[in-house]
Amino acid sequence: MSSDDTPTNLKADGIIKTGENTDQRLRCDIVNELKLEFDQKKVTQCNQYGVDLTNQQQILPTDSTEVQNWNKNLESLNALVTEFKTKHTITYETSLNNQISELLTQRNKDYDQINQIDPTNINSDRKVWLEGIKTYQKSKGATKPDGLIDKDGATYNHLKCDIAKGLGIILNNPPNQCK
């Protein structure tokens, strides 16, 4: 590497060697131009090559609070669906999915697609669902909606009551939120 081959001043010798500055800059330009997904490490790396990725699509670490909360919501919603299928022998899953989509996103998103959402992508449909959950929580009187659905918690039980009502089901042991 010559002295003029720095991250911001690339050597113009027509050679691209894997891992060297020209290769790294080219990789950053590709991520930037094609709007590919990346993590914070890539943002930092590309900044040193003069490529600003801060306005691009970012990937959250899988251990981030946002991803963990999303996975918790998925577990709770899937448990709710399973409960309606088993305890209330719902065989018309489309109606059940439509109820959830209606209650949480005003049918802007399909519940049957929720398990395919990449929770690490900050620009995914996860945002729409989280905002929908917060709006739903506000409509049920939450003063500090957090977008979380805890199994057997207030939001979960409100959803259970509203889904049952929407499907014309009478719950055997309705939670307090049904009253």
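Our subject is the structure that appears above.
This write-up is about the structure you can find in this document. (Residues numbered from 1 in each chain as written. Predicted model: local features only at pLDDT ≥ 70, side-chain atom pairs only at ≥ 80, totals over all residues. Heavy atoms only, no water.)

### Observations concerning the state of the cysteines
Reasoning step 1: Inspection of the entire model under this criterion finds 1 disulfide.
Reasoning step 2: Linked covalently through their sulfurs, Cys161 and Cys178 form a disulfide whose S-S length is 1.8 Å. Of note, the bridge from Cys161 to Cys178 carries an S-S torsion of about -95° and is left-handed in sense. Of this pair, Cys161 sits in helix 6 (residues 154–167) while Cys178 sits in the segment after helix 6, and the two are 17 residues apart along the sequence.
Reasoning step 3: In this structure Cys161 comes out as buried when scored by relative accessible area, which is 9%. (Disulfide = S-S within 2.5 Å. Helix = DSSP H or I, 4+ residues; strand = E, 2+ residues; numbered from the N terminus. Buried < 20%, exposed > 50% of the residue type's maximum accessible area, 1.4 Å probe, protein only.)

### Here's the deal with the environment of Lys179
Reasoning step 1: Mapped onto the elements, Lys179 comes out in the segment after helix 6.
Reasoning step 2: Measuring from C-alpha to C-alpha, the distance between Lys179 and His158 comes to 10.0 Å, with 21 residues separating the pair along the chain.

### Considering a nonpolar patch on the surface
Reasoning step 1: The grouping of Ile16, Leu26 and Ile30 at the surface amounts to a nonpolar patch, some 250 Å² of accessible area in total.
Reasoning step 2: Along the polypeptide, Leu26 turns up in helix 1 (residues 21–34). (Patch = residues over 30% accessible without salt bridge, like charges linked within 9 Å, V, L, I, M, F, W, Y side chains within 5 Å. Areas by Shrake-Rupley, 256 points an atom, 1.4 Å probe, with all protein chains shown as cover. Salt bridge = Lys/Arg side-chain N within 4 Å of Asp/Glu carboxyl O.)

### As for unusual backbone geometry
Reasoning step 1: At Asp152, a position not held by glycine, the phi torsion is positive, near 70°.
Reasoning step 2: Relative to the assigned elements, Asp152 resides in the loop between helix 5 (126–139) and helix 6.

### Focus: the side chain of Glu83
Reasoning step 1: Residue placement: Glu83 occurs in helix 3 (residues 65–87).
Reasoning step 2: On the basis of relative accessibility, which here comes to 11%, the residue Glu83 falls in the buried class.
Reasoning step 3: For Glu83, the residues in contact, after removing those within four places along its chain, are His88, Tyr156 and Lys160. (Contact = heavy atoms within 4.5 Å.)

### Overview of the pattern of salt bridges
Reasoning step 1: Scanning all chains against the criterion turns up 5 salt bridges.
Reasoning step 2: The residue Lys160 makes a salt bridge to Glu83 at a minimum N-O spacing of 2.9 Å. Of the two residues, Lys160 sits in helix 6 while Glu83 sits in helix 3, which places them 77 residues apart along the sequence.
Reasoning step 3: For Lys160, a relative accessible area of 10% translates into the label buried.
Reasoning step 4: The partner of Lys140 in a salt bridge is Asp162, and the shortest N-O contact between them spans 3.0 Å. A residue pair is termed long-range when its members are at least 10 positions apart, and Lys140 in the loop between helix 5 and helix 6 and Asp162 in helix 6 qualify at 22 residues.

### Description of the packing of helix 3 against helix 6
Reasoning step 1: Where helix 3 meets helix 6, the axes come as close as 11 Å, and the angle between the chain directions of the two elements is 40°. Relative to helix 6, the crossing made by helix 3 is right-handed. On the side of helix 3, the interface is formed by Ser76, Leu77, Ala79, Leu80, Glu83 and Phe84, while helix 6 contributes Tyr156, Leu159, Lys160, Ile163 and Ala164.
Reasoning step 2: Looking at the contact of helix 3 with helix 6 residue by residue, the classes come out as 8 nonpolar, 1 polar and 2 charged. (Axes fitted to C-alpha atoms, helices over the stretch in contact; angles between N-to-C directions. Left-handed = near helix turned anticlockwise from the far one by under 90°. Nonpolar A, V, L, I, M, F, W, Y, C, P; charged D, E, K, R; others polar.)

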